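Analysis of the macromolecular model
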Amino acid sequence: MPAFTLLELAQLLSAELHGDGAETISAVATLENAAAGQITFLSNSKYRKYLQQTKASVVLLTAADVEFCPVAALVVSDPYVAFAKVAQLLDNTPRAATGIAPTAQVAADVALGRDVAIGHNVVISAGAVIGDNVQIGPGCFIGEGAIIGAGCKIWANVSIYHRVRLGADCIVHSGAVLGADGFGFANQRGNWLKIPQVGTVVIGDRCEIGASTTIDRGALEDTVIGTNCIIDNQVQIAHNVQIGDHTAIAGCTVVAGSTKIGKYCIIGGACAINGHMEICDGVQITGMSMIIKSITEKGIYSSGMPAATNLEWRKNSARYRQLDQMYQRLRELEQQVAALTPAAGPAAE
């Protein structure tokens with residue numbers, strides 16, 4: 001298990017140390033439940049009440065909170081970012097695979113990099129390229145001509161179809177499917193005719209794809225996910241979608257075909273984004289929103305209705321069905337008021 005002294009952490013984080021630099025830290029924990037040998041953080045003032053009682057060996061916090069800290073402190077400008085960096089240093093998550101399992105089936109012409117690990121019952125098809133230090137968990141399928149960049153970690157039972165290209169240092173969680181056919185069909189007098197999906201999926205470096213998420217291959221051109229995108233569990237990304245760098249999408253969101261999402265966007269959970277939309281850079285969409293037209297200005301957008309009591313919801317639903325009738329009555333009243341209002345005459349001399 002990795003461990004660091006407070007002095008080492010202070011140097012790595014460029015932090016100001018208050019306390020014994022020789023003390024050793026080997027784990028992370030919450031402010032409320034941390035124990036000796038653990039590091040925690042305070043980034044939200046509403047949790048300051050737990051600071052006085054913390055049993056952590058050290059707390060990451062800002063200069064504004066250091067006087068209230070009863071234990072050692074590492075003073076930083078952004079405690080949450082610093083905590084993320086420390087959590088990476090102390091990460092004890094197991095590997096997806098170690099060595100090359102005897103039950104793995106690797107085609108003869110697959111290009112394997114250095115120190116590749118392949119779990120049991122993995123199938124890697126002809127022409128695939130696997131970069132250095134890649135981990136592929138048990139039961140995965142890698143299709144013909146797929147490219148897996150260096151340092152990727154692919155958890156169990158992931159399916160990566162033919163010619164999909166995955167950048168360096170990506171994480172793909174269990175059950176994800178990258179490169180399945182997009183929903184492309186033509187209708188001939190009631191009969192659906194399949195349109196072969198001949199594009200692929202291209203994913204940039206340092207992306208994370210959540211469990212059971214599906215990213216469809218393009219119909220003619222590629223589905224493209226930029227660098228450092230994070231996509232949560234059970235997200236559906238349809239064919240020919242383009243997602244810009246550093247965008248985050250929360251769980252159960254659906255993005256329909258040929259939509260373009262910009263850079264640095266944040267999309268909440270259970271959103272539905274219609275096809276052929278364009279969403280500019282820096283947009284935030286709150287959870288359960290439905291986007292049916294393009295967004296051209298940076299900002300926060302919402303459309304989901306907050307929860308209410310059932311009685312209130314039923315009343316509002318009934319009134320919503322009367323909305324057009326109420327509008328027509330309002331127009332009639334406005335016309336009646338206008339008819340009763342005398343027209344303005346010439347100004348008095």
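Scroll up a little and you will see the structure.
Here is a short report on the structure shown in this document.

About the criteria used
Residues numbered from 1 in each chain as written. Predicted model: local features only at pLDDT ≥ 70, side-chain atom pairs only at ≥ 80, totals over all residues. Heavy atoms only, no water. Pairing = 2+ DSSP bridges. Helix = DSSP H or I, 4+ residues; strand = E, 2+ residues; numbered from the N terminus. Core = buried A, V, L, I, M, F, W, Y, C linked by side-chain atoms within 4.5 Å. Buried < 20%, exposed > 50% of the residue type's maximum accessible area, 1.4 Å probe, protein only. Contact = heavy atoms within 4.5 Å. Axes fitted to C-alpha atoms, helices over the stretch in contact; angles between N-to-C directions. Parallel < 35°, antiparallel > 145°, perpendicular 65-115°, else oblique. Left-handed = near helix turned anticlockwise from the far one by under 90°. Nonpolar A, V, L, I, M, F, W, Y, C, P; charged D, E, K, R; others polar. Salt bridge = Lys/Arg side-chain N within 4 Å of Asp/Glu carboxyl O. Arc of directions from axis to C-beta. Phe/Tyr/Trp six-rings, centres within 6.5 Å; stacked < 30°, edge-to-face > 60°.

This part covers the sheet that holds strand 24 (residues 208-209). One open sheet accounts for 10 strands, arranged 10-13-16-19-24-27-30-33-36-38; its pairing is parallel. Taken across any chain shown, the strands that pair with only one partner, and hence form the sheet edges, are strand 10 (117-118) and strand 38 (299-301). Across 2 bridges, the pairing between strand 24 and strand 27 (residues 230-231) is parallel. The partner of Glu208 across the bridge, within strand 27, is Ile230.

The biggest cluster of nonpolar side chains holds 48 residues, and the ones touching the most others in it are Ile160 and Leu166. Of all the elements in the fold, those that place two or more residues in this core are strand 23 (201-203) and strand 36 (283-285). Setting aside anything within four residues of it in sequence, one finds Ile160 in contact with Phe141, Ile142, Gly143, Ala146, Ile148, Ile154, Leu166 and Leu178. Core analysis: the second largest hydrophobic core is formed by 17 residues, Ile39, Val76, Phe83 and Val86 among them.

On to the packing of helix 1 (residues 6-13) against helix 2 (residues 79-89), then. Where helix 1 contacts helix 2, the two axes come as close as 11 Å, and the packing angle between them is 125 degrees. Considered as vectors, helix 1 and helix 2 are oriented oblique to each other. The crossing of helix 1 and helix 2 is right-handed. Residue-level contacts link Leu9, Leu12 and Leu13 of helix 1 to Ala82, Lys85, Val86 and Leu89 of helix 2. Looking at the contact of helix 1 with helix 2 residue by residue, the class counts come to 6 nonpolar, no polar and 1 charged.

Let us now look at unusual backbone geometry. One non-glycine residue, Asn240, lies in the positive phi region at around 70 degrees. Here Asn240 is to be found in the loop between strand 28 (236-237) and strand 29 (242-243). In this structure, Tyr264 takes a positive phi of about 55 degrees despite not being glycine. The exposure class assigned to Tyr264 is exposed, which follows from its relative accessible area of 52%.

Turning next to the pattern of salt bridges. For the coordinates displayed, the defined rule picks out 3 salt bridges. Of the charged contacts, one joins Asp181 and Lys194 as a salt bridge, the two residues approaching to 2.8 Å between their closest N and O atoms. A residue pair is termed long-range when its members are at least 10 positions apart, and Asp181 in the loop between strand 20 (177-178) and strand 21 (185-188) and Lys194 in strand 22 (residues 191-194) qualify at 13 residues. For Lys194, a relative accessible area of 47% translates into the label partly exposed.

On to the environment of Ser212. Structurally, Ser212 is set in the loop between strand 24 and strand 25 (214-215). Residues Ser212 and Thr93, spaced 119 residues apart in sequence, show a C-alpha to C-alpha distance of 20 Å.

Attention now goes to the environment of Thr30. Take Thr30: it is sitting in the loop between strand 4 (27-28) and strand 5 (38-41). With relative accessibility at 45%, the residue Thr30 sits in the partly exposed group. Separated by 182 residues in sequence, Thr30 and Ser212 place their C-alpha atoms 28 Å apart.

Our focus in this paragraph is helix 1. Of all the residues in helix 1, the buried ones are Leu6, Leu9, Ala10 and Leu13. Viewed along the axis of helix 1, the buried residues span an arc of 100 degrees, placing them on a single side of the element. More than 90 degrees from the buried face of helix 1, the exposed residues found are Gln11 and Leu12.

What follows concerns the packing of aromatic side chains. Enumeration according to the criterion identifies 4 aromatic pairs in this entry. An angle of 35 degrees between the planes, with centres 4.4 Å apart, marks the rings of Phe41 and Phe83 as tilted. Of this pair, Phe41 sits in strand 5 while Phe83 sits in helix 2, and the two are 42 residues apart along the sequence. Looking at Phe83, the relative accessible area reads 16%, which means it is buried. Taken together through their ring pairs, the aromatic side chains of Phe41, Tyr80 and Phe83 make up a single cluster.

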